[in-house]
Amino acid sequence: MVCGAFAVVADADQLSALVVVAATVLGVTGYTWFAATRSGSEPGRPATVHRVRQQHRLTSRSWIEVRQEPGSLWIPVFFDPVLVTLPTPTAATVHGAGRRRVVVWEGRRLLPSGRARRSEPAGRLIDNPSRPDPDGPVRARVAARPARRIVLDAQFAVAAPFVGALWVYVAGGGVPAFAGATCVAAAVAVWLAAVRGSDPS
């Protein structure tokens, strides 16, 4: 939408850059959605899982830790309000093989936001409580609000003015080009945080 708004007033160089950015965003979004939804068609196997919230620098993500031999499997998942109330540990079903796994808990599919890994994610890891939190449903509703998601993801847009300045330095265009490149870079930064599975809880 941001690319389309600036395409009306863009010159040839700016238009070609906007087309590349829009195509990349659509392609990565489509691939991510396809990879997340196609996983899990295989029969599942029961497992004990833990929901862990990762905080590393500006990144906040949810992970499902599957305890198994020879070591834990870590699956990044897109935020779902049910994650806030998920007791840890709990029984779930894990579908798929290799790097793409889907966890199903009480009939709810937790879509993967990336590849499963054997090593523990970097940063501070916070486990869900072992007993259901009485305030969990309220916290889940607050975390699921779109405004909260945008505020969380918008912190990555800090670098957008630098991208705008670089665009003006390389391609010229003055203040309008700077404003357009800054807005597009900010929108892409917010999208990138969301497509990686940011967790607003």
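Residues numbered from 1 in each chain as written. Predicted model: local features only at pLDDT ≥ 70, side-chain atom pairs only at ≥ 80, totals over all residues. Heavy atoms only, no water.

Enquirer: Explain the overall build of the protein chain here, please?
Expert: Scanning the protein chain from terminus to terminus reveals 6 helices and 7 strands. The N-to-C order of helical and strand elements in the protein chain reads α-α-β-β-β-β-β-β-β-α-α-α-α. The buried share of the protein chain, taken over its 201 residues, is 38%. In the protein chain, the proportion of contacts linking residues at least 24 apart, taken out of those at least 6 apart, comes to 67%. (Helix = DSSP H or I, 4+ residues; strand = E, 2+ residues; numbered from the N terminus. Buried < 20%, exposed > 50% of the residue type's maximum accessible area, 1.4 Å probe, protein only. Contact = heavy atoms within 4.5 Å.)

Enquirer: Sorry if this is basic, but what is going on with helix H6 (residues 174-195) here?
Expert: Quick reminder: α-helices carry 3.6 residues per turn. Residues three or four places apart thus point the same way. Relative to the 32 Å expected for 22 residues at 1.5 Å per residue, H6 spans 31 Å between its end C-alpha atoms, a close match to the ideal helical length. Those residues of H6 not exposed but buried are Ala177, Gly180, Ala181, Thr182, Val184, Ala185, Ala189, Ala193 and Val195. Of the residues one or two after H6, Gly197 is the one with positive phi, at around 90°. (Expected span 1.5 Å × (residues − 1).)

Enquirer: Explanation requested: a nonpolar patch on the surface in the structure shown.
Expert: On the surface, Leu166, Tyr169 and Val170 cluster together into a nonpolar patch covering about 400 Å² of accessible area. Residue placement: Tyr169 occurs in helix H5 (residues 160-171). The exposure class assigned to Tyr169 is exposed, which follows from its relative accessible area of 71%. (Patch = residues over 30% accessible without salt bridge, like charges linked within 9 Å, V, L, I, M, F, W, Y side chains within 5 Å. Areas by Shrake-Rupley, 256 points an atom, 1.4 Å probe, with all protein chains shown as cover. Salt bridge = Lys/Arg side-chain N within 4 Å of Asp/Glu carboxyl O.)

Enquirer: Help me understand the pattern of salt bridges in this model?
Expert: When the charged atoms of two side chains lie near each other, side chains of opposite charge can form a pair. Tallying each qualifying case throughout the model produces 1 salt bridge. For the salt bridge of Arg108 with Asp80, the shortest nitrogen-to-oxygen distance reads 3.0 Å. In this pair, Arg108 is assigned in strand E6 (residues 108-110) and Asp80 in the loop between strand E3 (73-77) and strand E4 (90-97), connecting sequence segments 28 residues apart. On the basis of relative accessibility, which here comes to 40%, the residue Arg108 falls in the partly exposed class.

Enquirer: Looking at this structure, how should I read the pairing of strand E2 (residues 59-67)?
Expert: For a regular strand, side-chain orientation follows a simple rule: the groups alternate between the two sheet faces. Within E2, 8 of the 9 residues are buried, which leaves it mostly tucked inside the rest of the structure. Across 9 bridges, the pairing between strand E1 (residues 45-56) and E2 is antiparallel. Pairing of Val49 across the sheet is with Val66, part of E2. Bridge count for E2 against E3 is 5 bridges, and the pairing is antiparallel. Paired with Ile64 across the bridge in E3 is Ile75. (Pairing = 2+ DSSP bridges.)

Enquirer: Is there a simple way to explain the pairing of E1 in this structure?
Expert: Pairing analysis gives 5 bridges linking E1 to E4, with the strands arranged antiparallel. Residue pairing for E4: Arg45 is matched across the bridge by Val94. The hairpin turn running from E1 into E2, its antiparallel successor, is 2 residues long, and Arg57 in that turn takes a positive phi close to 55°. Relative to strand E7 (residues 124-127), E1 runs antiparallel, the two being bridged by 4 bridges. Note on E7: the bridge partner recorded for Gln54 is Leu125.

Enquirer: I'm lost on unusual backbone geometry in this one. Help?
Expert: Most peptide bonds take the trans form, and the phi angle of most residues other than glycine is negative. Phi at Glu106 is positive, roughly 50°, even though this residue is not glycine. The exposure class assigned to Glu106 is exposed, which follows from its relative accessible area of 70%.

Enquirer: Sorry, what's going on with the nonpolar core here?
Expert: In summary, soluble globular proteins display a tendency toward joint burial of nonpolar side chains. Ile64, Val66, Ile75, Val77, Leu83, Val103 and Leu110 are the most contacted members of the largest nonpolar core, which totals 20 residues. Those elements giving two or more residues to this core turn out to be E1, E2, E3, E4, strand E5 (100-105) and helix H3 (136-143). Those residues in contact with Ile75 that lie beyond four places of it in its chain are Ser62, Trp63, Ile64, Val66, Arg101, Val103, Pro112 and Ala116. (Core = buried A, V, L, I, M, F, W, Y, C linked by side-chain atoms within 4.5 Å.)

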